[in-house]
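# Coordinate analysis (summary)
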Amino acid sequence: MSEGRVINFAPGPAKLPEAVLQRAQKEMLNYKNTGVSVMELSHRSADFAKIMTMTEANLRDLIAIPENYKILFLQGGGTGQFAATALNLMNLKKGQCADYVVTGTWSAKAAKEAEKYGKVNRVLPKTSKYTMIPPQDTWTVNPDASYLYYCANETVHGIEFPFIPESNGVPIVCDMSSNILSKPFDVTKFGVIYAGAQKNIGCAGVTLVIVREDLLGHAMPICPTILDYKAQVEANSLYNTPPAYSIYIMGLVFEWLKEQGGTDIMEERSAIKAKSIYDVIDESNSFYCCPVDPSARSRMNVCFRIGGPDGVDELEKKFISEAQKRKMVSIKGHRSVGGIRVSLYNAITLEETFTMAQFMTEFQANYQ
Ligand SMILES: *Cc1c(COP(=O)(O)O)cnc(C)c1O
């Protein structure tokens, strides 16, 4: 670890691989003998075109994206896609209805946004406590839905889908903002996949969208052009100035991922990292309490309370300050749920995770 750096367990924007930051630093003033920084490069230049081409090629390689899926680099974040998915796809079928699997904050927000543009059918009963993913045979889906929407990893509540839903041919739309590229997965099961980069694949500013070709061209007339998948595919994501520097950083992360061994290795590491923290929780005699059902526990965001299921404020504050002393930062739970959240994205190393696990064990010994 470079001097002055800390162990950053932030939920997003999150840690980037140090090698990526160093490479960006090296190329900052003079990118590949262009004499300028990527930030100063024309988005219509041959040099930038190469960055786009390489970034796309590496991504296709990392998760085996077939030719009939288009890749877009857009702005507006995951939140922009809450609207974009509805604006582009609600019209696929008459009735303008879509099924939403609401399993936490982010899918709830997506459903609310989509309601502006069509009918939203929530397939699960309303709840204020998100702790699990009910089995699919209990969902009340609408066979005439234009698409089925879900969030692969709920970053705030620490809930992750261990499976890809069945949808009987209805296109599946998935928000993978906080777990994309943490494991291999079958792209062909999806209609649209999107992810803001700042959790697991880069820095804020760019949103990755992967869309199946046959779903293009159905946008509502009111859809802003910058969110219109077809218009952006035709413009090769250059309908207007793209977030060029963020795309470059994402490209460096993809290169790093390939050097590390790709998504298989990330899946292996994620399993080890998550297990090391959940094991401490499960063996703590309820000193640490994770509210999430073991079947849906996130490998990316480990959420827990300290001192009991509702947490003891004093202990949680102490935990955060003691962790800080050991250079472990950004572990406060989301303000809507409280407690602690340790985020274990791809850039977090095994060693960093074990440091946290060890600290948790010691903290319990000292403060129980
Ligand atoms: C962070 C996050 C979002 C929102 O992303 P923005 O880029 O802030 O709009 C959406 N979905 C998930 C799963 C997230 O983790």
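First, a word on what this report is: a plain description of the structure on this page. (Residues numbered from 1 in each chain as written. Predicted model: local features only at pLDDT ≥ 70, side-chain atom pairs only at ≥ 80, totals over all residues. Heavy atoms only, no water.)

### Overview of the overall build of the protein chain
- Secondary structure summary: the protein chain contains nine helices and 14 strands in total.
- Since a compact globule built from 368 residues should have a radius of gyration of about 21 Å, the 21 Å found for the protein chain is in line with a globular shape.
- Expressed as lengths along the three principal axes of its C-alpha atoms, the size of the protein chain is roughly 60 × 55 × 30 Å.
- Per-residue burial over the protein chain gives 55% buried out of 368 residues.
- Partitioning the contacts of the protein chain with sequence separation of at least 6, the portion at a separation of at least 24 is 67%.
- When the accessible surface of the protein chain is totalled, it reaches about 16200 Å², and 52% of it is carbon and sulfur.
- Of the charged side chains in the protein chain, 38 are positive and 39 negative; the average position of the first set lies 4 Å away from that of the second. (Helix = DSSP H or I, 4+ residues; strand = E, 2+ residues; numbered from the N terminus. Rg over C-alpha atoms; globule rule 2.2 N^0.38 Å. Buried < 20%, exposed > 50% of the residue type's maximum accessible area, 1.4 Å probe, protein only. Contact = heavy atoms within 4.5 Å. Areas by Shrake-Rupley, 256 points an atom, 1.4 Å probe, with all protein chains shown as cover. Lys, Arg positive; Asp, Glu negative; His and termini not counted. Charge placed at Lys NZ, Arg CZ, Asp CG, Glu CD.)

### Some points on the pattern of salt bridges
- In the structure shown here, the tally under the stated rule is 19 salt bridges.
- In this structure, Arg-23 engages Glu-27 in a salt bridge whose closest nitrogen and oxygen atoms are separated by 3.0 Å.
- The partly exposed category is assigned to Arg-23, whose relative accessible area is 26%.
- The partner of Lys-70 in a salt bridge is Glu-213, with the nearest N and O atoms 3.4 Å apart. On the criterion of sequence distance, the pair formed by Lys-70 in strand S2 (residues 69-74) and Glu-213 in the loop between strand S10 (207-212) and helix H5 (229-234) is long-range, its members being 143 residues apart.
- Given the relative accessible area of 38%, Glu-213 is considered partly exposed. (Salt bridge = Lys/Arg side-chain N within 4 Å of Asp/Glu carboxyl O.)

### Quick notes on the pairing of S10
- Buried residues dominate S10, accounting for six of its six residues.
- Burial along S10 is two-sided: Thr-207, Val-209 and Val-211 and Leu-208, Ile-210 and Arg-212, pointing in opposite directions, are all buried.
- Two strands pair when backbone bridges link them, and S2 and S10 are joined in this way by six bridges, in the antiparallel orientation. Directly across from Leu-74, in S10, lies its bridge partner Thr-207. (Pairing = 2+ DSSP bridges.)

### So, the pairing of strand S9 (residues 192-196)
- Of all five residues in S9, five are buried; the element is thus mostly enclosed.
- Along S9, one buried face is formed by Val-192, Tyr-194 and Gly-196 and the opposite face, lined by Ile-193 and Ala-195, is buried too.
- The pairing of strand S8 (residues 172-175) with S9 spans three bridges and is parallel. Within the sheet, the bridge partner assigned to Cys-174 lies in S9 and is Ile-193.
- Looking at chain direction, S9 and S10 are connected through five bridges and run antiparallel. Paired with Tyr-194 across the strands is Val-209, a residue of S10.

### A closer look at the sheet that holds S2
- Taken in spatial order, the seven strands make up an open sheet running S2-S10-S9-S8-S5-S3-S4, and their pairing is mixed. The open sheet has two edge strands, S2 and strand S4 (119-122), and neither has a second partner. Ignoring strand direction, the axes of neighbouring strands in this sheet form an average angle of 20 degrees.
- Contacts between helix H3 (residues 77-89) and the sheet are confined to S2, strand S3 (97-100), strand S5 (148-151), S8, S9 and S10, with S9 contributing the most and set at about 160 degrees to the helix. (Axes fitted to C-alpha atoms, helices over the stretch in contact; angles between N-to-C directions.)

### Details of the site of the ligand
- In the vicinity of the ligand lie 13 residues, with Thr-79, Thr-155, Asp-175, Gln-198 and Lys-199 positioned nearest.
- Side-chain polar atom of Thr-79 to an oxygen atom of the ligand: 2.5 Å apart, as the coordinates give it.
- Contact between the ligand and Thr-155: an oxygen atom at 2.4 Å from a side-chain N or O atom of the residue.
- The fraction of the free accessible surface of the ligand (390 Å²) that becomes covered by protein chains is 87%.
- The element best represented in the shell around the ligand is H3, accounting for four residues.
- For the shell around the ligand, the per-class residue count stands at three nonpolar, eight polar and two charged. (Near = heavy atom within 4 Å. Polar contact = N/O pair within 3.5 Å; in protein donor to acceptor, adjacent residues only side chain to side chain. Nonpolar A, V, L, I, M, F, W, Y, C, P; charged D, E, K, R; others polar.)

### Thoughts on a nonpolar patch on the surface
- A cluster of nonpolar side chains, contributed by Met-28, Leu-29 and Met-39, occupies part of the molecular surface with about 330 Å² of accessible area.
- For Leu-29, the location among the structural elements is in the loop between helix H1 (18-26) and helix H2 (46-63).
- On the basis of relative accessibility, which here comes to 72%, the residue Leu-29 falls in the exposed class. (Patch = residues over 30% accessible without salt bridge, like charges linked within 9 Å, V, L, I, M, F, W, Y side chains within 5 Å.)

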